[in-house]
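# Structural features, examined
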Amino acid sequence: MNSSQDSQSSCSNLSVVVESNDVPKILEKRPQFGTRYLKEGDDVYSYNAWDNVEWDENQQKAAEEIICQHLASKMSLADYEKIEENADQYWNEFYSIHSDKFYKDRHWLFTEFPELSFDTSNIDVKSTPILEENVILEVGCGVGNTIFPILQHNQNANIRIYGCDFSATAIEIFKNNEAYDPNKCTAFVYDITSEEELPVAENSVHVILMIYVLSSVHPEKMKFVIQKLHRYLKPGGLILFRDYGRYDLSQLRFKKGRCITDNFYARGEGTLVYFFDTEEISQMFSSCGYDVKQIICDKRLQVNRRKQLKMYRVWIQGKFMKPI
């Protein structure tokens with residue numbers, strides 16, 4: 001497990017953009033997540049959330065102690081093998097229970113990832129020719145909570161979106177949604193850890209979305225997935241990434257016996273989740289041939305004002321480009 005110093009340095013409250021000459025440039029706190037920063041003397045319960053919250057040494061130490069307790073009471077190999085063998089069943093059961101009601105549509109995507117705006121409504125098409133079709137691929141698309149907002153936001157754009165998911169139930173729900181447009185969207189069942197090829201031409205995809213999906217893959221298979229996706233991106237194409245960060249509230253809340261290995265857990269319903277830090281993600285994508293254009297650790301304090309509860313969330317966000 002990383003030391004306290006390593007964890008704090010790899011999960012700072014600053015945005016790091018790596019330019020093409022590989023010289024890191026430190027930017028000011030980014031505006032996408034808002035401008036509400038907790039200052040000394042502020043009433044923490046006056047708002048529902050605070051951005052880029054600093055963790056003190058005691059809080060960091062307490063989080064590390066909880067993770068050490070998780071590692072001391074790991075899940076048995078037999079229990080993990082059962083989960084691995086029935087992974088698709090667990091995800092199908094999850095979507096059978098929750099349908100399209102569990103996750104909210106991700107309209108925040110266009111603030112965090114303006115690259116997803118392809119709409120040509122404001123372009124004079126007579127003087128500006130429309131370019132080739134913009135191809136988007138989302139791996140782990142679930143029931144469409146990312147794709148439907150993209151379609152809605154880009155109603156006049158020349159786009160084709162491919163969405164795949166491990167769960168056949170999720171894809172069925174997705175395709176039965178009245179917003180599903182087969183003229184612009186293709187949804188299909190697919191295991192991104194398999195050797196099977198994607199039904200998309202290599203070097204053809206402008207944007208690949210990985211939103212809370214790599215964390216569900218076994219750590220030993222993550223690099224394979226990232227390398228595979230590299231083949232399908234156009235030169236200059238981007239992977240837009242967001243996932244769970246190390247010491248997120250959801251990690252610290254796990255009970256004994258749910259930890260499989262370092263920062264990798266099985267939820268109660270059988271689905272899997274891994275918790276990343278920025279250094280780990282940056283290194284993983286770099287080693288697979290990507291240029292790291294952005295890597296961010298978003299530490300946010302959410303509060304329940306009625307119950308006077310504090311909830312510390314940690315997410316990792318990044319943009320990774322296939323070199324031209």
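Residues numbered from 1 in each chain as written. Predicted model: local features only at pLDDT ≥ 70, side-chain atom pairs only at ≥ 80, totals over all residues. Heavy atoms only, no water.

Turning our eyes to something else, we now look at the overall build of the protein. Within the protein, the regular secondary structure consists of 10 helices and 13 strands. Burial analysis of the protein (324 residues in total) assigns 49% to the buried set. Surface exposure of the protein reaches about 16,300 Å², of which carbon and sulfur atoms provide 48%. (Helix = DSSP H or I, 4+ residues; strand = E, 2+ residues; numbered from the N terminus. Buried < 20%, exposed > 50% of the residue type's maximum accessible area, 1.4 Å probe, protein only. Areas by Shrake-Rupley, 256 points an atom, 1.4 Å probe, with all protein chains shown as cover.)

Here we take up the packing of aromatic side chains. Counted under the stated rule, the structure contains 16 aromatic pairs. Where Phe241 meets Phe276, the ring centres are 5.9 Å apart and the plane angle is 80°; that geometry is what we call edge-to-face. Separated by 35 residues along the polypeptide, Phe241 in strand β8 (residues 233–244) and Phe276 in the loop between β11 (272–274) and α10 (278–287) bring together distant segments of the chain. For the pair formed by Phe241 and Phe276, the shared burial category is buried. Aromatic ring contacts, followed pair by pair, group Phe241, Phe264, Tyr274, Phe276, Phe285, Tyr290 and Phe320 into a single cluster. (Phe/Tyr/Trp six-rings, centres within 6.5 Å; stacked < 30°, edge-to-face > 60°.)

With antiparallel pairing, the three strands of this open sheet are ordered in space as β9-β10-β11. Every other strand in the sheet has two partners, leaving β9 (259–261) and β11 as the edge strands with one partner each. The mean angle between the axes of side-by-side strands here comes to 30°, regardless of whether they run parallel or antiparallel. Across two bridges, the pairing between β9 and strand β10 (residues 264–266) is antiparallel. Considered in β10, the bridge of Cys259 is made with Tyr265. (Pairing = 2+ DSSP bridges. Axes fitted to C-alpha atoms, helices over the stretch in contact; angles between N-to-C directions.)

Moving on to the nonpolar core. Within the largest apolar cluster, 55 residues are counted, with the highest numbers of intra-cluster contacts made by Met210, Leu214, Leu229, Ile239 and Phe241. Residue contributions to this core peak at five residues, all from helix α8 (residues 219–232). Apart from residues no more than four positions distant in its own chain, Leu229 is found in contact with Leu137, Val139, Leu198, Ile208, Met210, Ile239 and Tyr290. Listed in part, the 25 residues of the second largest apolar core include Phe110, Phe148, Ile171 and Ile211. (Core = buried A, V, L, I, M, F, W, Y, C linked by side-chain atoms within 4.5 Å. Contact = heavy atoms within 4.5 Å.)

Let us look at the environment of Val53. When you line up the elements, Val53 lands in the loop between β3 (49–50) and α2 (57–72). A relative accessible area of 9% places Val53 in the buried class. The spacing of Val53 and Leu301 is 248 residues in sequence and 6.3 Å in space, taken between C-alpha atoms. Excluding its chain neighbours within four sequence positions, the residues that come into contact with Val53 are Lys299, Leu301 and Tyr312.

Here the focus is the confidence of the model for the protein. Confidence in the prediction for the protein averages 82 pLDDT; 80% of positions are at 70 or higher. With pLDDT under 50 throughout, residues 1–31 is counted as low confidence; its partners more than four residues away or in other chains account for 66 contacts. Of the regions scoring below 50 in pLDDT, residues 122–130 engages in four contacts with residues more than four places distant in sequence or in other chains. (pLDDT = per-residue confidence, 0-100.)

For α2, spanning 16 residues, the distance from its first C-alpha to its last is 23 Å, which sits close to the expected 22 Å at 1.5 Å a residue. Residues of α2 that are buried: Gln59, Gln60, Ala63, Glu64, Ile67 and His70. Across the axial projection of α2, the buried residues extend over an arc of 135°, all falling on one side. Seen from the buried face of α2, the exposed residues on the opposite side, beyond 90 degrees, are Glu57, Asn58, Gln69 and Ala72. The N-terminus of α2 is capped by Asp56, whose side-chain oxygen sits 3.2 Å from the backbone nitrogen of Asn58. (Expected span 1.5 Å × (residues − 1). Arc of directions from axis to C-beta. Polar contact = N/O pair within 3.5 Å; in protein donor to acceptor, adjacent residues only side chain to side chain.)

Relative to the helices and strands, Arg160 resides in strand β5 (residues 159–165). We note that Arg160 is buried and unpaired, the nearest opposite charge coming from Glu133 at a distance of 4.6 Å. Reaching out from Arg160, the side chain makes a polar contact with the backbone oxygen of Cys185 at a distance of 3.3 Å. Ignoring anything within four residues of it in the chain, the contact list for Arg160 reads Glu133, Asn134, Val135, Ile136, Pro182, Asn183, Lys184, Cys185 and Thr186. (Lys, Arg positive; Asp, Glu negative; His and termini not counted. Salt bridge = Lys/Arg side-chain N within 4 Å of Asp/Glu carboxyl O.)

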